[in-house]
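# Secondary and tertiary structure notes
So you can see what is in the structure, the chains are spelled out below.
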Number of protein chains: 2
Amino acid sequence: MSLKLYVDRLSQPSRALLIFCKLNGIEFEEVNIELSKGQHRTPEYQEVNIMKQVPAIVHGDFKLFESHAILRYLASAFPEVADHWYPSDVKKRASVECVLDWHHANLRRGSAGYVFNSVLAPAFGLPLNPQAAAEGKKLLSASLATIDTYWLQKDGRFLLGNSQPSLADLSLVCEIMQLEFLNEEDRGSIFSPHKNVLKWIDDVKSATTPYFDEMHATLFKVKEVTKQRAAGPSS
Amino acid sequence: MSLKLYVDRLSQPSRALLIFCKLNGIEFEEVNIELSKGQHRTPEYQEVNIMKQVPAIVHGDFKLFESHAILRYLASAFPEVADHWYPSDVKKRASVECVLDWHHANLRRGSAGYVFNSVLAPAFGLPLNPQAAAEGKKLLSASLATIDTYWLQKDGRFLLGNSQPSLADLSLVCEIMQLEFLNEEDRGSIFSPHKNVLKWIDDVKSATTPYFDEMHATLFKVKEVTKQRAAGPSS
């Protein structure tokens, strides 16, 4: 049964999905939907996902969107996926679900709100919004503090004290990578109080190598171009 | 193994959890945590849920928060829960997960943002926030339109065209009931374009009787008191 992933590698949940499939040997066709070109708003794409967002999948004749729902589905439908990603033990799974749900109204909302309203909005034809950016930054910092002191408080290298990553580690770290769009100073000041978070990001990168870097290459390329443009023409 | 539910019946996800347990014959002890009295901020309650939110559960020695994670856990841990609440079929379950995840950044964010910032904030010692209320109302209306024309577009009485309710129906309708705090005119104008939503609310009420009304009695009582206070002393 064919699996198509409709993604934009500049979208954080798209990258989480791509890395997950690559790591677990799930075969797929990548269909690129460039958000900055409005390709998510075409009538053709609305046949795939009426919400006009990426990622979405079509598996045989089954359509699905919402990245956490997709990750859970793939972890359940493909027996080759290792148990640590989405544990079959009821309590361990419930704890992973708790992080995934917490993510929506906390890290995701804070990070996406801050990066979009302080940097990315003009690329989508919208003005920067300092007030929304400030609210996003506040929530982002509080969320990073929660990860640093609560979700990572136990012995293991990953969230919930686990020794191997779950869907939650992958989803949250891909979100945090969006902060690469910020300037060095800003990113440094956001991360500096959260040493456990920095170590955990490295641990998730190591555990998902080489796909983590492969799926983030576009982000680093766009970041470089943006930086050069901001610096103006070289003399 | 004892199950304790830490809830406030004025909190929409608390009500969803209470109704779910009652309907499915899951025995529990209800521990009332009154948000308006700040009982979620006590050191004792932080031992239960460090996030200072309701609902949370303690099942034996297992602690869990985030209402969707709790509902999934109970549906998985208690074999007496009927399959339609959280289908074991991988694709049917994925579709329910899709609605549950969609809820966070759409209906939940819109409804909670609107009701809190236009009505409830003063009860928590905070000022009303007209701008946040306006943003919430916009997202709330868009979310109701999505439910009306997309999630309810198929033959069945419930979300996704199902003939019986799932966790998603219960979570979303309990959220919508929070709109009872609005005045009649405002609520009427919000609901009027969405006839399918109104019929679906009634269908969820019927499917969860008598517990739906029982768990919403406190909300209607508080609403009545608020209305009388707003009207001032009678002549």
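Calculation notes
Residues numbered from 1 in each chain as written. Chains lettered and ligands numbered in written order. Predicted model: local features only at pLDDT ≥ 70, side-chain atom pairs only at ≥ 80, totals over all residues. Heavy atoms only, no water. Least-squares fit on C-alpha atoms with pLDDT ≥ 70 in both. Contact = heavy atoms within 4.5 Å. Axes fitted to C-alpha atoms, helices over the stretch in contact; angles between N-to-C directions. Helix = DSSP H or I, 4+ residues; strand = E, 2+ residues; numbered from the N terminus. Parallel < 35°, antiparallel > 145°, perpendicular 65-115°, else oblique. Left-handed = near helix turned anticlockwise from the far one by under 90°. Nonpolar A, V, L, I, M, F, W, Y, C, P; charged D, E, K, R; others polar. Domains from an automatic or database assignment. Buried area = accessible area lost by both parts, 1.4 Å probe. Salt bridge = Lys/Arg side-chain N within 4 Å of Asp/Glu carboxyl O. Polar contact = N/O pair within 3.5 Å; in protein donor to acceptor, adjacent residues only side chain to side chain.

## Details of the relation of the copies chain A and chain B
Each copy superposes on the other: chain A lies on chain B with an RMSD of 0.0 Å after a rotation of 180° and an axial shift of 0.0 Å. Such a turn and shift between the copies fits a two-fold axis. Judged by C-alpha distance, A:His104 is the residue of chain A that lies nearest the rotation axis, at 3.2 Å. Looking at the interface residues of chain A, 100% of them are also at the interface in chain B, so both copies use one shared face.

## Side note on the packing of helix α4 (residues 90-120) of chain A against helix α5 (residues 130-151) of chain A
The description of two helices packed together rests on the angle between their axes and the distance between the axes. Residue and element names in this part refer to chain A. Close contact between α4 and α5 brings their axes to 7 Å; oriented N to C, the two are set at 140°. Comparing the axis directions of α4 and α5 gives the class oblique. Pair α4 / α5 crosses with left-handed handedness. A per-class count over the contact of α4 with α5 returns 13 nonpolar, nine polar and two charged.

## Some thoughts on the domain arrangement of chain A
Residue and element names in this part refer to chain A. According to the domain assignment, chain A consists of domain 1 (3-81) and domain 2 (85-231). Domain 1 and domain 2 are separated by 19 Å when their C-alpha centres are compared. The interface of domain 1 with domain 2 comprises 21 residues on the first partner and 29 residues on the second. Surface buried jointly by domain 1 and domain 2 totals about 2,300 Å² across both partners, of which 68% is contributed by carbon and sulfur atoms. Linking domain 1 to domain 2 there are two salt bridges. Ionic pairing is found between Glu214 and Lys22, a salt bridge with its closest N-O pair at 3.7 Å. Where domain 1 meets domain 2, there are 10 residue pairs in polar contact (both at pLDDT 80 or more). Within the residue set of the side of domain 1 that touches domain 2, elements represented by two or more residues are α1 (12-23) and α3 (67-77). Top contributing element to the side of domain 1 that touches domain 2 by residue count: α1, with nine residues. Here the residues of the side of domain 1 that touches domain 2 are counted per class, giving 11 nonpolar, five polar and five charged.

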